[in-house]
Amino acid sequence: MGGPSIPIKVRKSPREQEKAAWRRIRGFHIDEIQRKREQLRKKVQERAIGIAADIAISIAADILNITPAIIISKTIIAAYEEYRRTKNTEKAIKAGVQEASTTMVSDSAATVVANSAGFNPKDFTGIVIKNALSKTFKEICKQVKR
Amino acid sequence: MGVEFEEYFKIFIKNLIIEIIDFDLRKNVSLSDRDRKEILRKVSAKLDSIIEEIMRELRKENILRPDMLKDETVSSKVREIITRVLERHF
C-alpha cells in the first residue's frame, strides 16, 4: 500500500528495562564518586597549603630572630626619613637598601648570620629588603591616594 | 608623609616577613610557581591579624618612634616582640 510508514514502538523487555535502570544508577554513582574525589583533592591541597604557610611563617620568625635587629630598624628609619625629605619613593627605597647594605657590611656578625640562614647578604639587602620596601611604598602611595 | 610612621612600620614588617618567605620558597625547586603563590596568599591572609597583635604589643611598650628605633636595645626589643608573637602562633 502507498501510505507513510509509521514507526512502531516496541516495548523493551523487563530484563532490558532493568539493565537500563542499572546503567543510569551506575552513571549517577560514578559522577558522584568523581565529584567527591575532586572535593577530597581540593581539601587535601588546601590543608597542605595551610600547613606549608604555617611552617613558612615559623621559618621566617627563626630568620628574624637571628637577624641583627639594628639592620631592620636602620633600614626602616633611613627609607622613612628619605621619603619625608624628598617625597620620592625610589630615593627612599634606595636609601633603605643602602643603609641595610652598609650596616650588613660593617657588622661581620650580620654577614655570618645571613649566611647561616641561607641568605647571601647581598640577596638579603638587594632582594628581600628592596622588595619589602618597594611593596611598602606602593601600598602607602595607594593609601595616600584614597 | 601622609601615612604615619606606625602604619608604615606595620606594612613594612608584614612585607618583610612575606619577602623572607618568598625568598626561602624560591630556593625549593620542587615547589611549582602556582603552589608558591598559593602559600604566599595564605601567609598574607594569616599575617593580617598577627601583625595587628604585634602592633598592639609594640604600642603598649611605647617604642614605635623613629628616634627611638635608632637605639640598638630598643630595636632588639622590637624584634623580640615580633618573633615572640609569631612563635606564639606558629
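Look above for the structure.
Reading the values: rules and limits
- Residues numbered from 1 in each chain as written.
- Chains lettered and ligands numbered in written order.
- Predicted model: local features only at pLDDT ≥ 70, side-chain atom pairs only at ≥ 80, totals over all residues.
- Heavy atoms only, no water.
- Phe/Tyr/Trp six-rings, centres within 6.5 Å; stacked < 30°, edge-to-face > 60°.
- Helix = DSSP H or I, 4+ residues; strand = E, 2+ residues; numbered from the N terminus.
- Buried < 20%, exposed > 50% of the residue type's maximum accessible area, 1.4 Å probe, protein only.
- Salt bridge = Lys/Arg side-chain N within 4 Å of Asp/Glu carboxyl O.

1. Re the packing of aromatic side chains
Alright, step 1. Under the defined criterion, the tally for this structure stands at six aromatic pairs over all chains.
Alright, step 2. A ring pair is formed by Tyr80(A) and Tyr8(B), whose centres lie 5.3 Å apart and whose planes are at 35 degrees; its orientation type is tilted. Here the residue Tyr80(A) occupies a position in helix α2 (residues 69–86), and Tyr8(B) occupies one in helix α1 (residues 5–26), the pair thus bridging two chains.
Alright, step 3. Tyr8(B) sits in the buried class, given a relative accessible area of 0%.
Alright, step 4. Arranged with centres 5.2 Å apart and planes meeting at 40 degrees, the rings of Tyr83(A) and Phe137(A) form a pair that is tilted. Taken as a pair, Tyr83(A) in helix α2 and Phe137(A) in helix α5 (residues 121–145) lie far apart in primary sequence, 54 residues in all.
Alright, step 5. Note on Tyr83(A): relative accessible area 8%, which makes it buried.
Alright, step 6. You can call Phe137(A) buried: its relative accessible area is 1%.

2. What about the pattern of salt bridges?
Alright, step 1. Under the definition given, this model contains 22 salt bridges over all chains.
Alright, step 2. Ionic pairing is found between Lys70(B) and Glu81(A), a salt bridge with its closest N-O pair at 3.5 Å. Linking Lys70(B) in the loop between α3 (66–69) and α4 (72–89) with Glu81(A) in helix α2, this pair reaches from one chain into another.
Alright, step 3. By relative accessible area, Lys70(B) is classed as partly exposed at 47%.
Alright, step 4. Two residues, Asp33(B) and Arg36(B), come together in a salt bridge whose shortest N-O distance is 2.7 Å.

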